[in-house]
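# Summary of structural features
Here are the chains, one letter per residue:
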Amino acid sequence: GDPASVPLREDFPTGATNPYGRSKLMVEEILRDLAKSDPRWAIVLLRYFNPVGAHESGLIGEDPNGIPNNLLPFVTQVAAGQRDALPVFGNDYATPDGTGVRDYIHVTDLVRGHVLALEKLLSLPNANACCNTYNLGTGQGYSVLDIVRAFERLNNVSVPYRIQPRREGDVAACWADPTLAANELGWRAELTLDDMLLDSWRWQQTVLRNA
Ligand code: UDP
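Presented here is an overview of the structure given in this document. Here the structure is a predicted model, which is why all the values come from computation and not from measurement.

Thresholds applied
- Residues numbered from 1 in each chain as written.
- Predicted model: local features only at pLDDT ≥ 70, side-chain atom pairs only at ≥ 80, totals over all residues.
- Heavy atoms only, no water.
- Helix = DSSP H or I, 4+ residues; strand = E, 2+ residues; numbered from the N terminus.
- Rg over C-alpha atoms; globule rule 2.2 N^0.38 Å.
- Buried < 20%, exposed > 50% of the residue type's maximum accessible area, 1.4 Å probe, protein only.
- Axes fitted to C-alpha atoms, helices over the stretch in contact; angles between N-to-C directions.
- Left-handed = near helix turned anticlockwise from the far one by under 90°.
- Contact = heavy atoms within 4.5 Å.
- Nonpolar A, V, L, I, M, F, W, Y, C, P; charged D, E, K, R; others polar.
- Near = heavy atom within 4 Å.
- Polar contact = N/O pair within 3.5 Å; in protein donor to acceptor, adjacent residues only side chain to side chain.
- Areas by Shrake-Rupley, 256 points an atom, 1.4 Å probe, with all protein chains shown as cover.
- Phe/Tyr/Trp six-rings, centres within 6.5 Å; stacked < 30°, edge-to-face > 60°.
- Lys NZ or Arg CZ within 6 Å of the ring centre and 35° of its normal.
- Expected span 1.5 Å × (residues − 1).
- Arc of directions from axis to C-beta.
- Pairing = 2+ DSSP bridges.

## Considering the overall build of the protein
Regarding its fold elements, the protein presents six helices and nine strands. Taking 2.2 N^0.38 as the reference for a compact globule, 211 residues should give roughly 17 Å; the C-alpha atoms of the protein span a radius of gyration of 18 Å, in line with that estimate. Counting only C-alpha atoms, the protein reaches 55 × 35 × 30 Å along its principal axes. When each of the 211 residues of the protein is scored for burial, the buried share is 39%.

What follows is the structure, given as structure tokens:
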């Protein structure tokens, strides 16, 4: 939901500002009920912040069909000349530059979080554990324009953008308090925003070569 304060902790009240968010909340509820109804299940809930980037090899990444919904695939397609300009959804939010602030996390860090969460589940004495909940984020927020500028500088490309109206259901700012995952899973995001943006661009070039 729209957080009362940031960074977000796992024990904050939950809510949803759009159907996609509500679907995630429903899945958490389903999993809690599943664990209650069937003792064979052991469940951990991982709350992803904004996963971006690609495998550093440039061989595994996301190539969305149609018009990308998410920021990074849109940025890489504009940089590649496949689209004219990035629509920036709102520049009048209560954030330092007016654009939305998010906690971007490298997909490889996210993968490591899953491995550590599974190891933790397997180590628990109670086989039907449910439902430890962990934020997987870096704890650091970047605005849309931070991302555009950093992407241009790192990859030496141009990403023209146009300010558009706000997108319905978006919140101004959202970033994680990742302390619980650090304390209980021994997990911390290790890769930087630079890694995320370099790896996203390397992947986009693989997509272009194979087009
Ligand atoms: N965003 C944008 N233009 C786009 C896609 C996204 O300005 O074409 C903004 C969006 O308003 C939000 C941020 O980028 O502030 C991240 O959006 P995304 O859809 O990637 O993830 P979300 O936070 O909505 O899950």
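## Side note on the packing of helix α2 (residues 71-79) against helix α4 (residues 144-155)
At a closest axis distance of 11 Å, the pairing of α2 and α4 adopts a crossing angle of 40°. Regarding α2 and α4, the two cross each other, and that crossing is right-handed. Of α4, the residues touching α2 (which contributes L71, L72, V75, T76 and A79) are V144, I147 and F151. Classifying every residue of the contact of α2 with α4 gives seven nonpolar, one polar and no charged.

## So, the site of the ligand
Taken together, 15 residues lie near the ligand, and L71, P87, R102, R167 and D170 sit nearest. Between an oxygen atom of the ligand and a main-chain N or O atom of L71, the distance comes to 2.9 Å. Separating an oxygen atom of the ligand from a side-chain N or O atom of R102 is a distance of 2.6 Å. Alone, the ligand offers 510 Å² of accessible surface; in the complex the protein occludes 88% of this. Elements that contribute at least two residues to the shell around the ligand include exactly α2 and β3 (86-89). If one sorts the elements of the shell around the ligand by residue count, β3 sits on top with four residues. Taken together, the residues that form the shell around the ligand break down as eight nonpolar, four polar and three charged.

## Thoughts on the packing of aromatic side chains
Here the distance between the centres and the angle between the planes together describe a pair of aromatic rings. Applying the stated criterion across every chain yields a total of one aromatic pair. Considering the side-chain rings of F151 and W201, the 5.8 Å spacing of their centres and the 80° angle between planes classify their relative orientation as edge-to-face. Note that F151 is positioned in helix α4 and W201 in helix α6 (residues 193-209), a separation of 50 residues in sequence. Across the pair, W201 and F151 agree in class, each one buried. In this arrangement the basic side chain of R83 is found over the ring face of F74, its NZ or CZ atom lying 5.7 Å from the centre. Taking the ring centre of Y93 as reference, the NZ or CZ of R166 above it sits at 4.0 Å.

## With respect to helix α3 (residues 107-123)
In this model, α3 (17 residues) spans 25 Å end to end at C-alpha, consistent with the 24 Å of a helix rising 1.5 Å per residue. Those residues of α3 not exposed but buried are D109, L110, G113, A117 and L121. Seen along its axis, α3 keeps its buried residues to an arc of 120°; they face one direction. Turned more than 90 degrees off the buried face of α3, the exposed positions are V111, L118, L122 and S123. Tucked into the core, α3 has its buried residues touching β1 (44-48), β2 (50-52), β5 (104-106), β6 (132-136) and α5 (179-185).

## Concerning the sheet that holds strand β4 (residues 101-102)
As a general point, the strands of a sheet are linked pairwise by backbone hydrogen bonds and lie either parallel or antiparallel. With mixed pairing, the three strands of this open sheet are ordered in space as β7-β4-β9. Looking at the sheet topology across the chains shown, the edges are occupied by β7 (142-143) and β9 (173-174). Where β4 meets β7, two bridges bridge the pair, whose relative direction is antiparallel. Within β7, the position partnered with V101 by the bridge is S143.

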